[in-house]
Amino acid sequence: MPDILLPIIALLSGFALLIWSADEFTENGAKIANIFKVSPLVIGLLIFGFGTSAPEMLVSGLAAMDGNTGLSIGNAIGSNIFNIALVLGVSAIIVPIEVHKDILKKEWVFLMFATVVAGALLWDRQLNEIDGMILITLLILFLAYTLKVSTDESHHEFDDLEQTIDKSQSAKTWFMLFIGLVVLISSAKLVVWGGVEVAQAFGVSDLVIGLTVVALGTSLPELAVSIASVLKKRYEMVVGNVIGSNLFNTIAVLAIPGLIHPSAVPEEVMTRDYPVMLLLTVLLFIVSYKFGKKHIINRFEGFLLISIFSLYMWQLF
């Protein structure tokens, strides 16, 4: 029993740190948006999208260097499934999420395009340097487009944040944003380690651990940031975070194994995992878009997403 005590402490303290860091990250991200007069949507797409995808990129790079391309690909696709089905599902159940129509007209379209391109590249069951370069080119185009949009926009809403923040506060905000991100990623790793150790102590197989605890672990930052954003009523950041994170997973995380260690794509990816990711990306639009009404992902649709996630988990086992 003493052997399991440390992992349990790691698991609980990891969750506590995760909640704190997600709150700090969300709050300071909104302040940065205010300082630079950047919309919360862009912050959600870029800072949160990239920041919360950092664990996936790290795992993907390390796995590819070890020659384990299957883990890299599974990590990217699995995280996308977790993000839409679990992160958005749980967030919508807590508070129905209002979706900005511009996200559906632009960012979602880009995500859908990237998902279809990724599927086409994986279709031949190979992931090579050319595939990696195509995906990286898409990433550069997306970043250029998002930055152009952010500079073109002339009107933004910034909740109740102060409109003027002096230089010393600005430096502190950047520092706390960085600290929040570091603790966010570290606490996710702590939760994964604690969860794996506890699972092993109870005799759960490595396969089950990898499919559940590790996949969830790299998506925990997205979940924590989204719940914190929902509670603060920053809905643009929630959907922006999920779409941004999924875009980084699809075009950056998937590109890494292609560039580092080209190899064959496991058969199950195209017969089981990719179709679920594609279905959920289409479903993201369906549950968000309401003709002639406010675009809201309601609690029923949140439960629907969680149900699909549960079915996928059941199918894995």
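Note that the coordinates shown come from a computational prediction; the quantities given were computed from them, not determined experimentally.

Section: the packing of helix α10 (residues 267–288) against helix α11 (residues 299–316)
Right, on to step 1. Interaxial distance between α10 and α11 falls to 12 Å at its minimum, and their mutual angle equals 175°. In this view, α10 runs roughly antiparallel relative to α11, as classed from their interaxial angle. Where α10 approaches α11, its residues Arg272, Asp273, Val276, Leu280, Leu283 and Val287 are matched on the opposing element by Glu301, Leu305, Ile308, Tyr312, Gln315 and Leu316.
Right, on to step 2. A breakdown of the residues in the contact of α10 with α11 according to their chemical character gives eight nonpolar, one polar and three charged.

Points about the packing of aromatic side chains
Right, on to step 1. Counting across every chain of the model gives six aromatic pairs.
Right, on to step 2. For the ring pair Phe142 and Phe248, a centre distance of 6.5 Å and an interplane angle of 85° mean the geometry is edge-to-face. Of this pair, Phe142 sits in helix α5 (residues 129–152) while Phe248 sits in helix α8 (residues 235–253), placing them 106 residues apart in sequence. The pair formed by Phe142 and Phe248 is uniform in burial state, with each residue classed as buried.
Right, on to step 3. Between Phe285 and Tyr289, the aromatic rings sit 5.3 Å apart at their centres with planes inclined by 10°, giving stacked as the arrangement.
Right, on to step 4. Counting every residue linked through ring pairs, the aromatic cluster contains Trp108, Phe285, Tyr289 and Phe291.
Right, on to step 5. The ring centre of Trp123 lies 5.8 Å from the NZ or CZ of Arg125, which sits over that ring.

Things to note about the packing of helix α4 (residues 101–122) against α10
Pairs of packed helices are described in terms of their axes, by the angle between the two and the distance that separates them.
Right, on to step 1. Axis separation between α4 and α10 bottoms out at 11 Å; the angle between their running directions is 165°. By the criterion of interaxial angle, the relationship of α4 to α10 is roughly antiparallel. For α4 against α10, the interelement crossing comes out left-handed. The segment α4 lies against α10, with Leu104, Trp108, Leu111, Met112, Thr115, Val116, Gly119 and Leu122 engaging Met270, Tyr274, Met277, Leu278, Thr281, Val282, Leu284, Phe285 and Ser288.
Right, on to step 2. When grouped by side-chain class, the residues that make up the contact of α4 with α10 number 13 nonpolar, four polar and no charged.

As for the pattern of salt bridges
Two side chains of opposite charge can pair, provided their charged atoms sit close to one another.
Right, on to step 1. In the structure shown here, the tally under the stated rule is six salt bridges.
Right, on to step 2. Here Glu27 ties to Arg234 by a salt bridge, and the two come within 3.8 Å at their closest N and O atoms. One end of the pair, Glu27, is in helix α1 (residues 2–35); the other, Arg234, is in the loop between α7 (206–231) and α8, with 207 residues separating them in the sequence.
Right, on to step 3. Asp273 serves as the salt-bridge partner of Arg272, at 2.8 Å between the closest nitrogen and oxygen.
Right, on to step 4. Taking the relative accessible area as the measure of exposure, Asp273 reaches 10% and is therefore buried.
Right, on to step 5. Within the structure, one salt-bridge network assembled from shared partners comprises Glu27, Lys232 and Arg234.

A look at the confidence of the model for the chain
Right, on to step 1. The share of residues in the chain with pLDDT of 70 or more is 90%, and the mean pLDDT across the chain is 84.
Right, on to step 2. For the chain, the element scoring lowest by mean pLDDT is α7, at 75; α11 scores highest, at 94.
Right, on to step 3. Note that pLDDT drops below 50 for residues 154–162; the model gives that stretch 18 contacts with residues more than four away or on any other chain.

Cut-offs and rules
Residues numbered from 1 in each chain as written. Predicted model: local features only at pLDDT ≥ 70, side-chain atom pairs only at ≥ 80, totals over all residues. Heavy atoms only, no water. Axes fitted to C-alpha atoms, helices over the stretch in contact; angles between N-to-C directions. Helix = DSSP H or I, 4+ residues; strand = E, 2+ residues; numbered from the N terminus. Parallel < 35°, antiparallel > 145°, perpendicular 65-115°, else oblique. Contact = heavy atoms within 4.5 Å. Nonpolar A, V, L, I, M, F, W, Y, C, P; charged D, E, K, R; others polar. Phe/Tyr/Trp six-rings, centres within 6.5 Å; stacked < 30°, edge-to-face > 60°. Buried < 20%, exposed > 50% of the residue type's maximum accessible area, 1.4 Å probe, protein only. Lys NZ or Arg CZ within 6 Å of the ring centre and 35° of its normal. Left-handed = near helix turned anticlockwise from the far one by under 90°. Salt bridge = Lys/Arg side-chain N within 4 Å of Asp/Glu carboxyl O. pLDDT = per-residue confidence, 0-100.

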